[in-house]
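These are the residues of each chain, in order.
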Amino acid sequence: MAILERNGALHGTAGTVVFRRFRNSTVVQGLPKKKKKQTPASQASAGEFGVASTAAAAIRLVLRSVFRNRHDGAMVNRFNSAVYQSILRSKTALRGTRDLHDGDLSCLEGFEFNANSPLREALRVRPSVSLTSGGKVRVQMDGWGKLSGLKIPSAVIEAADSYRLRFLVTALNFRSEFYEYVAVKDVAVTDWKDMEALDFEMEGTIPEGCMVLVTASLDCLGVSDTGAGGGLVNTPSFSPAAILAAFRTTEPLSLEEPLKVRKEAGGRHPGLCYAGNELLEKMAEVAQKRKAREQRGGRRVRADGIAGDGTGRNGPEGVVENERGVSSEGVLSAKERLSTDGDEGMPFVLGKRFSL
């Protein structure tokens, strides 16, 4: 309640504002808002979004050499959403106890890194990707007539002398925190002759317990002053790259295994950062404390003889003691550490494991 003094000054609270004296003047301030406590459901939701965000960031850094930072402005948010939807659609694990390995990986298939120049439009013949019985990635693609298989802007055509279709197989294991470039295949494409049909298997062995991403990018190559093959002439407005397929091989180590054991199984090397496992551990601790509190509430008997109902609510007042929530902010502080040999070089070290 605000009080009107004899001199006409106000002090005290009135509604959502407070009046007070400051240096012989009356100032009005808004009341500080009380921070609402998170419910168990909101805690699990925030934690799961954090797991998705840090996984998406790690994948983007691993695949940076695929789209070479020539992406549209909304790509980061679009990819975060795709990874989050993949985890949400999991049919094998409950919220707060799952990661991308449990998710529906079909949500990632067909993802375009540059919405301004989708690969599905630039490359009119869609590659088909499958996994053979021997655990190899097989790529098949119909042939096309000259100038009928590619759709390239005239400005790029004038600057480019030839084109290169690059396929990459990348294995990731978030639970053991490592990734590996398994295989890469370059296919030369020219716009003055027909393109033969493709059917080949990607070399390399996929590590156990990994999820696998098969990507493709269309590189436009210019001509140097000496007449030899030049560098990339792709631009942010035209740089097609997409995820063709995403699938699992064998099951990864269970999240119930200690993180140290899972990391040792990965045989990792220094690389990128992934904070999803730490977030999952925090969520498990919060859930365990909440369960213990509920069990204590079920055994507690109040002074008036009414026993707790085991839900954390002490009688008809419905007072709930919520634990501190897990924030999804600041879950990833990774720097880009992928080394490249230039846009036109081979930026992939095949068969070597790096940590997430």
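Everything discussed here concerns the structure shown above.
In this convention, every chain numbers its residues from 1, walking through the sequence in written order. This being a predicted model, a pLDDT of at least 70 is required before a residue's local features are given, and a value of 80 or more before pairs of side-chain atoms are given or counted; all residues contribute to the totals for chains, interfaces and linings. To obtain the side-chain values, all non-hydrogen atoms of the structure were included, while hydrogens and water were left out.

Novice: Outline the overall build of the protein, supporting the account with residue identities and numerical values.
Specialist: Numbering of helices and strands runs from the N terminus, with a helix taken as a DSSP run of H or I at least four residues long and a strand as a DSSP run of E at least two residues long. Within the protein one finds seven helices and 13 strands. By residue count, 44% of the 356 residues in the protein fall in the buried class. Should any heavy atoms of two residues lie within 4.5 Å, those residues are counted as being in contact. At a minimum sequence separation of 6, the contacts of the protein that also span at least 24 residues come to 70%. Only the protein chains shown count as cover for residues, and the accessible areas themselves come from Shrake-Rupley with a 1.4 Å probe. By element, 50% of the accessible surface of the protein is carried by carbon and sulfur atoms, the whole surface being about 19200 Å². Between buried and exposed lies partly exposed: a residue is buried under 20% and exposed over 50% of the maximum accessible area for its type, with that area taken using a 1.4 Å probe on protein chains only.

Novice: Pulling in residues and values, what's your account of the pattern of salt bridges?
Specialist: The working definition used for a salt bridge is a side-chain nitrogen of Lys or Arg within 4 Å of a carboxyl oxygen of Asp or Glu. This structure, assessed with the given rule, holds ten salt bridges. Arg78 is the partner of Asp72 in a salt bridge, and the nearest nitrogen-oxygen pair spans 2.7 Å. Residue Asp72 is classed as buried on the basis of its relative accessible area, which comes to 7%. Judged by its relative accessible area of 28%, Arg78 falls in the partly exposed class. The salt bridge partner of Glu180 is Arg353, with a shortest N-O separation of 3.4 Å. Of the two residues, Glu180 is situated in strand 8 (residues 178-189) and Arg353 in strand 13 (residues 353-355); the sequence distance between them amounts to 173 residues. By relative accessible area, Glu180 is classed as buried at 7%. Three or more residues joined by partner-sharing salt bridges are found here, namely Arg68, Arg164 and Asp219.

Novice: Explain the pairing of strand 10 (residues 211-223) to me, using residue names and the numbers behind them.
Specialist: Summarising burial for strand 10: twelve of the 13 residues are buried, a large majority. Here strand 7 (residues 162-173) pairs with strand 10 via eleven bridges, running antiparallel. Of the residues in strand 10, the one forming a bridge with Phe167 is Ala216. Pairing between two strands is assigned when DSSP locates at least 2 bridges connecting them. Sheet topology note: the strand 10/strand 12 (residues 241-248) ladder contains seven bridges and is antiparallel. Looking across to strand 12, one finds that Val212 is bridged to Phe247.

Novice: Summarise the sheet that holds strand 9 (residues 198-201); cite the residues concerned and give the values.
Specialist: With antiparallel pairing, three strands are arranged side by side in an open sheet as 5-6-9. Here the strands that pair on one side only, and so sit at the sheet edges, are strand 5 (128-131) and strand 9. Across the sheet, the mean angle from the axis of one strand to that of its neighbour is 15 degrees, orientation sign disregarded. A fitted line through C-alpha atoms serves as each axis, taken over the contacting stretch for helices, and the angle formed by two N-to-C directions is quoted from 0 to 180°.

Novice: Quick one: what's the story with the nonpolar core, residue by residue and with numbers?
Specialist: Note on soluble globular proteins: their nonpolar side chains tend to be buried together. What is meant by a nonpolar core is a set of buried Ala, Val, Leu, Ile, Met, Phe, Trp, Tyr and Cys residues, joined one to another through side-chain atoms within 4.5 Å. Residues Leu108 and Phe174 are the most contacted members of the largest nonpolar core, which totals 39 residues. It is helix 1 (residues 40-62) that contributes the most residues to this core, seven residues altogether. In this structure, Leu119, Ala122, Met195 and Phe247 belong to the second largest nonpolar core, which totals 38 residues.

Novice: Give a detailed account of helix 6 (residues 259-266), specifying residues and quantitative values.
Specialist: Taken together, the buried positions of helix 6 are Leu259, Arg262 and Gly266. When helix 6 is viewed along its axis, its buried side chains cluster within an angular range of 65 degrees and face the same direction. Exposed and facing more than 90 degrees away from the buried side of helix 6 are Lys260, Glu264 and Ala265. What the arc covers is the set of directions going from the helix axis to the C-beta atoms.

Novice: Provide a residue-level description of the side chain of Asn277, including the pertinent values.
Specialist: Checked against the element boundaries, Asn277 lands in helix 7 (residues 276-299). Classification of Asn277 as buried rests on a relative accessible area of 2%. Separated by 2.9 Å, the side chains of Asn277 and Glu177 make a polar contact. Once you skip the residues sitting within four places of it in the chain, Asn277 turns out to touch Phe174, Arg175, Glu177, Leu255, Leu259 and Arg262. N or O atoms closer than or at 3.5 Å make up a polar contact, with two conditions inside protein: a donor-capable atom paired with an acceptor-capable one, and, for residues adjacent in sequence, both atoms drawn from side chains.

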